[in-house]
Amino acid sequence: MKSGDKQYAVIGLGRFGLSVCQELQQAGAEVLAIDIDEDRVRAVAGFVSQALVANCTNEETVAELRLSDYDMVMVSIGADVNASILTTLVVKEAGVKNVWVKANDKKHSKILHKIGADHVIMPERDMGVRVARKMLDRRVLEFQELGSDLAMTEIVVGSRLLGKTLGDLALCKEQGVQVLGFKRGPDITKAPELDRTLEIGDLIIIAGPRETLSRKLSSL
Ligand code: ATP
């Protein structure tokens, strides 16, 4: 991600806001971190471009922050729903084009959309969906121990791997890992070509050092 030329502001430095700040800053973006709580601001001051104590439900304060100069503003206030809604309203009215807001639930999300939030995130729900997809995609069958720390296993292709090629998975680049076979429907191919495009339900049979296989599979 190349974000060095973009400016972001994050309002609310709970766990979510904090990790947004960290990720943006690490990607090279300019980040302004804001919280009403001095301790939270102090905790991020060392690694973001700028950190400020401010109450963002206050129109004059927000106007002074000139947030409309920022490419994106994230409102990540969860516990205090009133503050979240009011901050979103004030920030939108201050002319910020792209406001992303964290919501606790569907009702909160609906209100945020109505008052002009450009994008609403529900971290628990969104993460649950992502994790479930990942779990489905990693439907890895049991490891079959081959002795000397070697094992054989099968990967069932799910939606995340759909459209990739066997080569994209870079399985053979791992030390000692071999793709033994490929199964689509009743057809089994031994030592398959790496440019083969994956479809849901395909089975990839691999063997190699147990630890390397586990590490590789958890990164897919
Ligand atoms: P999580 O920690 O999981 O992200 P959360 O959003 O409920 O959950 P909180 O601890 O409520 O976490 O974080 C919200 C942050 O927003 C707090 O640090 C709080 O001080 C800050 N905050 C609340 N009201 C305002 C406001 N009016 N202006 C700026 N910051 C605010």
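All values derive from a computational prediction rather than experimental measurement.

So what exactly am I meant to see when it comes to the site of the ligand here?
Neighbouring the ligand are 20 residues, the closest being Arg15, Asp35, Arg40, Gly78 and Lys102. Asp35 places a polar side-chain atom, nitrogen or oxygen, 2.6 Å from an oxygen atom of the ligand. Interatomic distance of 2.8 Å between a side-chain N/O atom of Lys102 and an oxygen atom of the ligand. Burial of the ligand by the surrounding chains reaches 83%, relative to a free accessible area of 630 Å². Each residue belonging to the shell around the ligand can be placed in one class, and the counts come to 9 nonpolar, 6 polar and 5 charged.

Explain unusual backbone geometry to me, please; I cannot follow it from the model alone.
Across the chain, the bulk of peptide bonds are trans and the bulk of non-glycine residues have phi less than zero. Its identity as a non-glycine residue notwithstanding, Ser148 has a phi of 50 degrees, on the positive side. Counting through the fold element by element, Ser148 comes out in the loop between strand 7 (144-147) and strand 8 (150-156).

What exactly am I supposed to notice about the pairing of strand 10 (residues 187-190) here?
Inspection of the sheet shows strand 9 (residues 178-184) paired to strand 10 by 4 bridges, in the antiparallel sense. Looking at strand 10, one finds that Gly181 is bridged to Lys190.

Quick question: what am I supposed to make of the sheet that holds strand 3 (residues 50-53) here?
Paired through their backbone hydrogen bonds, the strands of a sheet run either parallel or antiparallel. If you trace the 6 strands from one edge of the open sheet to the other, you get 3-2-1-4-5-6, paired in parallel fashion. Strands at the two margins of the open sheet, each flanked by one partner only, are strand 3 and strand 6 (119-121). Sheet twist, expressed as the mean angle between neighbouring strand axes with direction ignored, is 15 degrees. Pairing between strand 5 (residues 99-102) and strand 6: 3 bridges, direction parallel. Residue pairing across strands places Lys102 opposite Ile121, the latter belonging to strand 6. The strands that helix 1 (residues 15-26) touches are strand 1 (7-11), strand 2 (30-35), strand 4 (72-75), strand 5 and strand 6; relative to strand 1, the one it contacts most, it runs at about 165 degrees.

What is the right way to read the pattern of salt bridges from this model?
A pair can form between side chains of opposite charge whenever their charged atoms are brought close. In this structure the tally under the stated criterion is 7 salt bridges. Measuring nitrogen to oxygen at the nearest pair gives 2.9 Å for the salt bridge that ties Asp118 to Lys92. Of this pair, Asp118 sits in the loop between helix 5 (106-114) and strand 6 while Lys92 sits in helix 4 (residues 81-93), placing them 26 residues apart in sequence. With a relative accessible area of 38%, Asp118 lands in the partly exposed category. Judged by its relative accessible area of 21%, Lys92 falls in the partly exposed class.

Got a minute to help me understand the sheet that holds strand 7 in this structure?
Taken together, the 5 strands give an open sheet; going across it, the order is 7-8-11-9-10, and neighbouring strands pair in antiparallel fashion. This sheet does not close on itself; its edge strands, each paired only once, are strand 7 and strand 10. Between one strand axis and the next, the sheet turns by 20 degrees as a mean value, whatever way the strands run. Sitting on the sheet, helix 7 (residues 210-219) touches strand 7, strand 8 and strand 11 (203-209), and the angle it makes with strand 11 is about 135 degrees.

Sorry, what's going on with helix 7 here?
Owing to its 3.6 residues per turn, the α-helix aligns residues three or four sequence positions apart on the same side. Inspection of helix 7 places Thr212, Leu213, Lys216 and Leu217 among the buried residues, and these make up the whole buried set. Looking straight down helix 7, one finds that the buried residues subtend no more than 125 degrees of arc, so they occupy a single side. Seen from the open side of helix 7, the exposed residues pointing more than 90 degrees away from its buried face are Glu211 and Ser219. Packed against the buried residues of helix 7 are strand 8 and strand 11.

Reading guide: rules and limits
- Throughout this description, residue numbers start from 1 for each chain and increase along the sequence as written.
- The predicted origin of the model limits local features to residues at a pLDDT of at least 70 and limits the giving and counting of side-chain atom pairs to 80 or more, whereas totals for whole chains, interfaces and linings rest on all residues.
- Hydrogens and water molecules were not included; the side-chain quantities draw on all heavy atoms of the structure.
- Nearness is judged by heavy atoms alone; a residue qualifies as near a molecule or strand once a single heavy atom is within 4 Å of it.
- Here a polar contact means two N or O atoms within 3.5 Å. Within protein one must be a hydrogen donor candidate and the other an acceptor candidate, and residues neighboring in sequence count only if both atoms are side-chain atoms.
- Each accessible area is a Shrake-Rupley estimate made with a 1.4 Å probe; only the visible protein chains count as cover when residues are assessed.
- Any residue that is not Ala, Val, Leu, Ile, Met, Phe, Trp, Tyr, Cys, Pro, Asp, Glu, Lys or Arg is counted as polar, Gly included; the first ten are nonpolar and the last four charged.
- The numbering of helices and of strands both runs from the N terminus, where a helix is a DSSP run of H or I of at least 4 residues and a strand a run of E of at least 2.
- Two strands qualify as a pair provided that DSSP identifies no fewer than 2 bridges between them.
- To get an axis, fit a line to the C-alpha atoms, keeping to the stretch in contact for a helix; angles then go from 0 to 180 degrees between the N-to-C directions.
- Between two residues, a contact is recorded if the distance between any of their heavy atoms is within 4.5 Å.
- Just to be clear on terms, a salt bridge is a Lys or Arg side-chain nitrogen sitting within 4 Å of an Asp or Glu carboxyl oxygen.
- Only protein chains enter the calculation, and the probe is 1.4 Å; a residue is then buried if its accessible area is under 20% of its type maximum, exposed if over 50%, and partly exposed in between.
- Our arc is simply the arc of the directions from the helix axis toward the C-beta atoms.

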